[in-house]
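Observations on the model geometry
Each chain is listed here by its residues.
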Amino acid sequence: YTRPFLLALTLGTPCLAQELLLGTSVGTIARTHPVTGQTTSTLSCSSPVAAMTLDGADLLVGDSSGNVFRHDLDLEVETWLFSVPAACGGLSVHQGELFVSDTAGSVLRVNLQTGRVMETMTLPFGMDGGPLVIHQSKIFVGSLMGFVVMKDLNDTLDFQFWGTCAGPVSSMTDGGTHLIM
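Residues numbered from 1 in each chain as written. Predicted model: local features only at pLDDT ≥ 70, side-chain atom pairs only at ≥ 80, totals over all residues. Heavy atoms only, no water.

**Digging into the overall build of the protein**
Helix and strand counts for the protein come out as zero helices and 18 strands. Scaling as 2.2 N^0.38, a compact globule of 181 residues should have a C-alpha radius of gyration of about 16 Å, and the protein matches this with 15 Å. With respect to the three principal axes, the spread of C-alpha positions in the protein is 45 × 35 × 30 Å. The burial tally for the protein puts 47% of its 181 residues in the buried class. A sequence separation of at least 24 residues applies to 32% of the contacts in the protein between residues at least 6 apart. A total of about 9,200 Å² of accessible surface is found on the protein, and carbon and sulfur atoms cover 53% of it. Taken as two groups, the 7 positive and 16 negative side-chain charges of the protein have centres that lie 5 Å from each other. (Helix = DSSP H or I, 4+ residues; strand = E, 2+ residues; numbered from the N terminus. Rg over C-alpha atoms; globule rule 2.2 N^0.38 Å. Buried < 20%, exposed > 50% of the residue type's maximum accessible area, 1.4 Å probe, protein only. Contact = heavy atoms within 4.5 Å. Areas by Shrake-Rupley, 256 points an atom, 1.4 Å probe, with all protein chains shown as cover. Lys, Arg positive; Asp, Glu negative; His and termini not counted. Charge placed at Lys NZ, Arg CZ, Asp CG, Glu CD.)

Shown next as structure tokens:
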């Protein structure tokens, strides 16, 4: 099972999304107008979409096998980058590095150029790694169990319990002053 989700692209802060990218479990990404809902084009992926994030003007996509791909949104071309050990649950780029939460209960800090895993952080409570978001130096990770944990990337402490939801956390985003789940 792959969570369908939504990624809104913005041209600046604050402004309205100029395009919505809808990743699916059937291996497509619909480029959609945020107001009309009309699909402007559809990108094909090599496998079902499990997680997405932006790296500049490119879209990074993780799948349920642990593969990470780069999509050039201008050329609409997909390139395989590397694989991580387990299914991707969430992706986020921070200071030139890719953070990948996985279903094995880890968050990996990966060099985007080489695919080398620089650090493996273990999630608590036996939780799966779901959606993640990084706000300033803090990383937040949600799970299908409904837990949300937080870790300060500038600190050596492990992940700490941050909150819980009534059901699975299937998506997260940073709203500037709010974490939206």
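**A word on the nonpolar core**
Among the nonpolar cores identified, the biggest contains twelve residues, and these are Ala51, Leu60, Val68, Phe82, Val84, Cys88, Leu91, Leu98, Val100, Leu108, Val110 and Leu112. Excluding residues that lie within four positions of it along the chain, phenylalanine 82 makes contacts with Gly66, Asn67, Val68, Leu98, Val110, Asn111, Leu112 and Gly115. In this structure, Phe99, Val107, Leu132 and Val149 belong to the second largest nonpolar core, which totals eleven residues. (Core = buried A, V, L, I, M, F, W, Y, C linked by side-chain atoms within 4.5 Å.)

**Comments concerning the pairing of strand S12 (residues 117-122)**
One ladder, built from five bridges, connects strand S11 (residues 106-111) with S12; its direction is antiparallel. Each bridged residue has a counterpart across the sheet, and for leucine 108 the counterpart in S12 is threonine 120. Connecting the antiparallel pair S11 and S12 is a turn made up of five residues, with glycine 115 showing a positive phi of about 80°. (Pairing = 2+ DSSP bridges.)

**Topic: the packing of aromatic side chains**
As enumerated under the stated definition, the model contains four aromatic pairs in all. On the numbers, 5.4 Å between centres and 50° between planes, the contact of phenylalanine 125 with phenylalanine 147 is tilted. Within this pair, whereas phenylalanine 125 is found in the loop between S12 and strand S13 (132-135), its partner phenylalanine 147 is found in strand S15 (residues 147-152), the two being separated by 22 residues in sequence. Residue class for phenylalanine 125 comes out partly exposed when judged on its relative accessible area of 49%. Taking the centre distance of 5.0 Å and the plane angle of 70° together, the rings of phenylalanine 140 and tryptophan 162 count as edge-to-face. With a gap of 22 residues between them, phenylalanine 140 in strand S14 (residues 138-142) and tryptophan 162 in strand S16 (residues 160-164) connect regions that are remote in the sequence. Taken together, the aromatic side chains of Phe125, Phe147 and Phe161 make up a single cluster linked through ring pairs. (Phe/Tyr/Trp six-rings, centres within 6.5 Å; stacked < 30°, edge-to-face > 60°.)

**A closer look at the pairing of strand S7 (residues 67-72)**
By the criterion of burial, S7 is predominantly enclosed, with five of the six residues buried. In terms of strand pairing, strand S6 (residues 58-63) meets S7 through five bridges, oriented antiparallel. Each residue of the ladder has a partner; that of aspartate 58, found in S7, is aspartate 72. Here S6 hands over to S7 after three residues, with glycine 66 in that stretch at a positive phi of 90°. Here S7 pairs with strand S8 (residues 77-83) via six bridges, running antiparallel. Its bridge partner lying in S8, arginine 70 is registered against threonine 79. Between the end of S7 and the start of S8, which pair antiparallel, lie four residues, with glutamate 76 showing a positive phi angle near 55°.

**Points about the environment of serine 83**
Position of serine 83 relative to the elements: it lies in strand S8. Serine 83 sits in the partly exposed class, given a relative accessible area of 37%. Sequence-distant contacts of serine 83, defined by excluding residues within four places in its chain, comprise Gly66 and Asn67. For serine 83, the side chain forms a polar contact with the side chain of asparagine 67, separated by 2.5 Å. (Polar contact = N/O pair within 3.5 Å; in protein donor to acceptor, adjacent residues only side chain to side chain.)

**Some remarks on the sheet that holds S6**
Here we have four strands laid out as an open sheet, ordered S5-S6-S7-S8, and antiparallel in their pairing. Unpaired on one side and paired on the other, strand S5 (49-55) and S8 mark the two borders of the sheet. Here the average twist between neighbouring strands, direction ignored, is 25°. (Axes fitted to C-alpha atoms, helices over the stretch in contact; angles between N-to-C directions.)

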